[in-house]
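A look at the structure
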Amino acid sequence: MNFRKRHGREDPEINLIPFIDVLLVILIFLMVTTTFSKFTALQITLPTADAEKQQEQPLQINIGIDSQNRYTINNNRVPVQNAEALAAELVAVVNASGPKNVDPVIAIAADATATHQTVVNVLDAARIAGYAKVTFVAQTRGKK
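Residues numbered from 1 in each chain as written. Predicted model: local features only at pLDDT ≥ 70, side-chain atom pairs only at ≥ 80, totals over all residues. Heavy atoms only, no water.

Convention followed: UniProt positions are given in the numbering used here, feature names are shortened, and annotations may be inferred rather than shown by experiment.
With an unreviewed UniProt entry as reference, the protein is termed Biopolymer transport protein ExbD, source organism Oxalicibacterium faecigallinarum. You can read under Sequence similarities (unreviewed entry) in the UniProt record for the protein the words "Belongs to the ExbD/TolR family."

Written as structure tokens, this is what we have:
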């Protein structure tokens, strides 16, 4: 004898209140931590500077050497093959380019297959002409 009435099973409910509590705690944590990033540890007043006009660029003489060991000075072909003649050409180009008391920068752009002697000729010509600032032009290697 079973006098109890059978009740249908009730569907279980998900209690959302703890879930909402956790989300509010996370929200408050994020709000608090982001407000700290707005404040700096030190209040610094940066100094000001009155910058002068940038000094003029030094006179640059570009010397190119191609794979057939021919010279160019500032993209003009020069039919010389020894250091003395190249030094005379350098002095002429520097005198035509600007003031007499300028120490130019000699930029050497030599082809990868140019002979070593042609580069040494340019270095020797710069020494003969009395120009001590010499640099080499190279291109950066691409990553493979």
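What follows continues from the structure just given.
1. Quick notes on the overall build of the protein
Here is the rule we go by: Strands here mean DSSP runs of E at least two residues long; helices mean DSSP runs of H or I at least four residues long; both are numbered from the N terminus. Residue exposure (1.4 Å probe, protein chains only): buried if accessible area is under 20% of the type maximum, exposed if over 50%, otherwise partly exposed. Two residues qualify as a contact provided that any one of their heavy atoms is within 4.5 Å of a heavy atom in the partner residue. Note on areas: these come from Shrake-Rupley sampling with a 1.4 Å probe, and a residue is covered only by the protein chains present in the view.
Check the secondary structure of the protein and you find 3 helices and 5 strands. When the helices and strands of the protein are listed from N to C terminus, the series reads α-β-β-β-α-β-α-β. In the protein, buried positions account for 20% of the 144 residues. Long-range pairs, those at least 24 residues apart, make up 66% of the contacts in the protein between residues at least 6 apart in sequence. Summed over all atoms, the accessible surface of the protein reaches about 12,600 Å², with 57% contributed by carbon and sulfur.

2. What to know about the environment of Ser97
Selection criterion: We define a polar contact as two N or O atoms separated by no more than 3.5 Å, with the added condition that, inside protein, one atom must be a possible hydrogen donor and the other a possible acceptor, whereas residues neighbouring each other in sequence contribute only through side-chain atom pairs.
For Ser97, the location among the structural elements is in helix H2 (residues 83-97). Assessed through its relative accessible area of 40%, Ser97 is described here as partly exposed. Sequence separation between Ser97 and Gln60 is 37 residues, and the spatial gap between their C-alpha atoms is 9.6 Å. Among the polar contacts made by the side chain of Ser97, one reaches the main-chain carbonyl oxygen of Val93 at a distance of 2.7 Å.

3. Here we look at H2
The criterion, for reference: Helix span, expected: 1.5 Å multiplied by one less than the number of residues in the helix. Arc definition: directions from the helix axis to the C-beta atoms.
Between its terminal C-alpha atoms H2 stretches 21 Å, which fits the 21 Å expected from 15 residues at 1.5 Å a residue. For H2, every residue scored as buried is listed here: Ala83, Leu86, Ala87, Leu90, Val93 and Val94. Seen along its axis, H2 keeps its buried residues to an arc of 125 degrees; they face one direction. For H2, exposure combined with an orientation more than 90 degrees from the buried face picks out Glu84 and Ala96. Where H2 is buried, its residues touch strand S1 (60-65), strand S2 (71-73), strand S4 (105-110) and helix H3 (116-129).

4. With respect to the packing of H2 against H3
How two helices sit against one another is set out by the angle between their axes and by the gap between those axes. What counts is decided by this rule: Angles shown run from 0 to 180 degrees and are taken between the N-to-C directions of axes, each axis being a line fitted to C-alpha atoms and, for helices, limited to the stretch in contact. By the definition adopted for this analysis, an angle is roughly parallel if under 35 degrees, roughly antiparallel if over 145, roughly perpendicular if from 65 to 115, and oblique otherwise. Should the near helix be turned anticlockwise from the far one by less than a right angle, the crossing is termed left-handed; should it be turned clockwise, right-handed. All amino acids are sorted into three groups, where Ala, Val, Leu, Ile, Met, Phe, Trp, Tyr, Cys and Pro are nonpolar, Asp, Glu, Lys and Arg are charged, and the leftover types, Gly among them, are polar.
Orientation of H2 relative to H3, taken along the N-to-C sense of each, is 55 degrees, at an axis distance of 8 Å. In terms of their interaxial angle, H2 and H3 are classed as oblique. Along this stretch, H2 crosses H3, giving a crossing that reads as right-handed. On the side of H2, the interface is formed by Ala83, Glu84, Leu86, Ala87, Leu90 and Val91, while H3 contributes Asn121, Val122, Asp124, Ala125, Ala126, Ile128 and Ala129. The residue makeup of the contact of H2 with H3, split by class, is 10 nonpolar, 1 polar and 2 charged.

5. Looking at H3
An α-helical turn contains 3.6 residues, so a residue and the one three or four places further along point in the same direction. Taking 1.5 Å as the rise per residue, H3 with 14 residues should run 20 Å; its terminal C-alpha atoms sit 20 Å apart, in good agreement. Those residues of H3 not exposed but buried are Thr118, Val119, Asn121, Val122, Ala125, Ala126 and Ala129. Take H3 and look down its axis: the buried residues cluster within an arc of 150 degrees, on one side only. The outward face of H3, more than 90 degrees from its buried face, is lined by the exposed residues His116 and Arg127. Following H3 by one or two positions, Gly130 adopts a phi angle in the positive range, close to 90 degrees.

6. Considering the pairing of S4
To keep it simple, the criterion reads: At least two bridges found by DSSP between two strands are what make those strands a pair. By the criterion used throughout, a crossover qualifies as right-handed when its path from the first strand across the helix to the second strand runs clockwise, the strands pointing away from the viewer.
With 6 bridges joining them, S1 and S4 adopt parallel strand pairing. Bridging across to S4, Ile65 finds its partner in Ala110. Bridge count between S4 and strand S5 (residues 133-136): 4 bridges; the pairing is parallel. The residue of S5 that forms the bridge with Val105 is Lys133. The parallel pair S4 and S5 is bridged by H3, and the resulting crossover is right-handed.

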